[in-house]
Amino acid sequence: MQRYDSRTSLIVVDFQNDFAAPAGSLSVSGGLSILPTINAEIAAATAVGAAVVYTQDWHPESTPHFARDGGIWPVHCVGGTWGAELHPELIVDGPRVRKGANGEDGYSGFTMRDPVTGDTTPTELEGLLRERDVSRVIVCGLATDYCVKATALDGVRLGFETVLLVDAVRAVDLAPGDGDRAIDEMTAAGVVAWQTSMR
């Protein structure tokens with residue numbers, strides 16, 4: 001099966017130093033292990049002209065998203081810092097969509113949520129995909145139980161055929177099994193789960 005074509009986009013979710021690198025402030029266990037798989041997918045997509053889009057958490061120094069300001073997370077992916085940059089070994093060949101720059105919760109690549117009011121606003125991701133007449137999105141990256149899940153669920157909600165590459169994601173697993181439960185939630189919502197070996 002041909003995975004990529006001109007109407008398919010690969011979305012690489014938040015493969016940033018703070019999540020992927022062992023020294024990152026919110027390092028995801030095993031996150032770096034999926035780098036070769038993601039790079040292979042990027043190469044396969046670009047070889048046939050499919051769009052590749054990268055999402056990035058891009059937070060201010062203080063935000064209700066962080067534990068010190070009332071949220072649940074350690075400080076991570078502060079815009080302009082090493083932690084917010086895409087991992088240096090990641091192949092980067094496409095636009096970047098940065099989320100959370102005004103203090104929002106930026107879990108999904110498609111939408112951001114005001115942590116105080118709960119109001120949601122779109123990122124530019126949907127517009128980028130619509131401009132290219134994309135009908136299918138393939139999602140990989142970090143982390144399964146948060147930003148990957150939110151991005152995939154929004155993809156379905158917005159009418160894209162949405163595929164999760166289950167061997168190209170890793171979970172935070174704040175509670176054991178969160179990653180598996182996230183995959184179950186995604187597939188129940190209509191996300192298709194693929195292994196990268198499926199061609």
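Here the structure is a predicted model, which is why all the values come from computation and not from measurement. All residue numbers refer to positions counted from 1 along the written sequence of the respective chain. Two thresholds apply to this predicted model, a pLDDT of at least 70 for residue-level local features and 80 or more for giving and counting side-chain atom pairs, whereas whole-chain, interface and lining totals are computed over all residues. The basis for the side-chain values is all heavy atoms of the structure; hydrogens and waters are excluded.

## Examining the pairing of strand 2 (residues 51–57)
Burial within strand 2 is extensive, with seven of its seven residues counted as buried. Exposure classes here rest on a 1.4 Å probe applied to the protein chains alone. A residue is buried below 20% of its type maximum, exposed above 50%, and partly exposed in between. The numbering of helices and of strands both runs from the N terminus, where a helix is a DSSP run of H or I of at least 4 residues and a strand a run of E of at least 2. Neither face of strand 2 is open: one carries A51, V53, T55 and D57, the other V52, Y54 and Q56, and all of them are buried. For two strands to count as paired, DSSP must find a minimum of two bridges between them. Where strand 1 (residues 8–13) and strand 2 come together, five bridges link them in parallel fashion. Within strand 2, the residue paired with V13 across the bridge is T55. One ladder, built from four bridges, connects strand 2 with strand 3 (residues 96–99); its direction is parallel.

## A few points about the environment of E161
Within the secondary structure layout, E161 lies in strand 7 (residues 161–170). On a C-alpha basis, the gap between E161 and V134 in space is 9.4 Å, while along the polypeptide they are 27 residues apart. For this analysis, residues touch if any pair of their heavy atoms sits within 4.5 Å. Among all residues touching E161, those that are not within four sequence positions of it are S135, R136 and V137.

## Examining the sheet that holds strand 2
Strand order in this open sheet of six strands is 3-2-1-6-7-8, and the pairing throughout is parallel. Of all the strands in the sheet, just strand 3 and strand 8 (192–194) have a single pairing partner and so form its edges. Averaged over all adjacent pairs, the angle separating strand axes in this sheet is 25 degrees, with direction ignored. Axes here mean lines fitted to C-alpha atoms, for a helix over just the part in contact, with angles spanning 0 to 180 degrees between N-to-C directions. Strand contacts of helix 2 (residues 35–47): strand 1, strand 2, strand 6 (136–142) and strand 7, with the helix running at about 155 degrees to strand 1, the strand carrying the most contacts.

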